[in-house]
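Read off the chains here:
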Amino acid sequence: MAGGLGTRLRPLTYATNKHLLPVYNKPMVYHPIETLVNAGITDILIVTGGPHAGDFIKVLRNGEDFGLSNLNYAYQEGEGGIADALAQAETFVGGDNCTVILGDNLIFEDLTPAISSFKSGAKIFTKTVPDPERFGVVEYEPVGDGISRIVEKPEIPPSSDAVTGVYIYDSTVFDKVRTLSPSERGELEITDINNFYVEDGDISVYKIQGTWMDCGTFDSLAKATEVMYNDTHVFEEVV
Ligand code: G1P
């Protein structure tokens, strides 16, 4: 999912799409694509939008940099949110299950076991963070570790477990999207979709143990760049 206007990163996003900005030595969107490819997913749809959507073709082409022989693209009209972007994938997904990853999320963990063990409903990927108010946050049931709901960017977070931008859904997700109404920020929220699965008791959780970062703000983009720089140089020293 690589749409939106990237308003939080202006003026960087006046000339291109947020997800094509550099994170050290690669465009941001390379990282989530690599996460999918490393998990064995090769049938990939890029959903983008906004005035710079054409830039994706110039950068990603047919996915050669990822060892792919082709990539698919869809265009999201307007800035209707992540769930609206997901709706653009309905024909592509058909009746299959699908893994969704946000184009500004960096995950350094092999997601193969989590993806291959998916059976039905939805699976979300959480990470314990120091600043949960920036994200969707898990509210747990009073007893046990069941989820009572997910709260989007709460002023007072009910836990420190952020819902990251990776989700696995069964094919009922598209019917669920059709029942959504726009949130206060005027978007169809992926958190509302996840809460439908919570209400159905059909959601599971995978806790990411490795590094997870998003790059949607100046600080998080700078941090991600620093981490990638350090990671690359540590790797070179070991080699
Ligand atoms: C979105 C989701 C949020 C999630 C975050 C992860 O937020 O709405 O629940 O925690 O991605 O990056 P957004 O980046 O649209 O503000």
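These figures come from a predicted structure and were not determined experimentally.

Q: Mind showing me how you'd approach the overall build of the chain here?
A: Within the chain, the secondary structure is distributed over eight helices and 12 strands. For the chain, the C-alpha radius of gyration of 17 Å lies close to 18 Å, the compact-globule estimate for 239 residues. Expressed along its principal axes, the backbone C-alpha trace of the chain runs to roughly 45 × 40 × 35 Å. Scored against the burial criterion, the 239 residues of the chain give a buried share of 49%. For the chain, restricting intrachain contacts to residue pairs at least 6 apart in sequence, the fraction spanning at least 24 positions comes to 71%. Seen as two clouds, the 17 positive and the 36 negative side-chain charges of the chain have centres 2 Å apart.

Q: Can you help me understand the site of the ligand in this one?
A: The local shell around the ligand holds 13 residues, among which Asn105, Gly136, Glu152, Lys153 and Val163 are the closest. In the environment of the ligand, an oxygen atom lies 3.2 Å from a nitrogen or oxygen atom belonging to the side chain of asparagine 105. Here threonine 191 contributes a side-chain N or O atom positioned 3.5 Å from an oxygen atom of the ligand. Notes on the ligand: free accessible area 380 Å², of which the protein chains cover 94%. Assessed atom by atom at 2 Å from the grid points, the ligand resides in the largest pocket. Across the shell around the ligand, the residue classes tally to four nonpolar, four polar and five charged.

Q: Just checking my understanding: could you explain the nonpolar core for this structure?
A: Soluble globular proteins tend to pack their nonpolar side chains together in the buried interior. Ranked by size, the top nonpolar core spans 30 residues in total, and within it Ile33, Ile44, Ile46 and Leu60 carry the most contacts. Those elements giving two or more residues to this core turn out to be α1 (30–38), α2 (55–60), α5 (112–116) and β10 (161–169). Among the elements that make up this core, the one with the highest residue count is α1 (four residues). Residues in contact with leucine 60, not counting those within four places in the same chain, are Val29, Tyr30, Ile33, Ile46, Phe66, Leu71 and Tyr73. Counting residues in hydrophobic clusters, the runner-up holds 29 residues, among them Leu45, Val138, Val177 and Val198.

Q: Help me understand the packing of aromatic side chains, please; the structure alone is not making it clear to me.
A: Two numbers describe a pair of aromatic rings. These are the distance of the centres and the angle of the planes. Within the structure shown, the criterion is met by six aromatic pairs. Centroid distance phenylalanine 125 to tyrosine 206: 5.3 Å. Interplanar angle 50°. Geometry classified as tilted. Of the two residues, phenylalanine 125 sits in strand β7 (residues 122–128) while tyrosine 206 sits in strand β11 (residues 203–207), which places them 81 residues apart along the sequence. Residue phenylalanine 125 is classed as buried on the basis of its relative accessible area, which comes to 0%. Its guanidinium or amino end placed over the ring of tyrosine 197, lysine 176 lies 4.3 Å from that ring's centre, counting from NZ or CZ.

Q: I keep staring at the pattern of salt bridges and nothing clicks. Help me out?
A: For the structure shown, the criterion picks out 16 salt bridges. In this structure, lysine 26 engages glutamate 34 in a salt bridge whose closest nitrogen and oxygen atoms are separated by 3.1 Å. Relative accessible area serves as the criterion here: at 26%, lysine 26 is assigned to the partly exposed category. Linking aspartate 200 and lysine 176 is a salt bridge whose minimum nitrogen-to-oxygen distance equals 3.7 Å. Of this pair, aspartate 200 sits in the loop between α7 (190–199) and β11 while lysine 176 sits in helix α6 (residues 173–178), placing them 24 residues apart in sequence. Exposure remark for aspartate 200: the relative accessible area of 52% places this residue in the exposed category. Overall, the relative accessible area of 13% leaves lysine 176 in the buried class. A cluster of three or more residues bridged by salt bridges with shared partners is formed by Glu152, Lys153, Arg185, Glu187 and Glu189.

Procedures and definitions
Residues numbered from 1 in each chain as written. Predicted model: local features only at pLDDT ≥ 70, side-chain atom pairs only at ≥ 80, totals over all residues. Heavy atoms only, no water. Helix = DSSP H or I, 4+ residues; strand = E, 2+ residues; numbered from the N terminus. Rg over C-alpha atoms; globule rule 2.2 N^0.38 Å. Buried < 20%, exposed > 50% of the residue type's maximum accessible area, 1.4 Å probe, protein only. Contact = heavy atoms within 4.5 Å. Lys, Arg positive; Asp, Glu negative; His and termini not counted. Charge placed at Lys NZ, Arg CZ, Asp CG, Glu CD. Near = heavy atom within 4 Å. Polar contact = N/O pair within 3.5 Å; in protein donor to acceptor, adjacent residues only side chain to side chain. Areas by Shrake-Rupley, 256 points an atom, 1.4 Å probe, with all protein chains shown as cover. 1 Å grid on protein atoms, 1.4 Å probe; cavity = no way out; pocket = protein on both sides within 12 Å on 5 of 7 lines; lining within 4 Å. Sits in = over half its atoms within 2 Å of the grid points. Nonpolar A, V, L, I, M, F, W, Y, C, P; charged D, E, K, R; others polar. Core = buried A, V, L, I, M, F, W, Y, C linked by side-chain atoms within 4.5 Å. Phe/Tyr/Trp six-rings, centres within 6.5 Å; stacked < 30°, edge-to-face > 60°. Lys NZ or Arg CZ within 6 Å of the ring centre and 35° of its normal. Salt bridge = Lys/Arg side-chain N within 4 Å of Asp/Glu carboxyl O.

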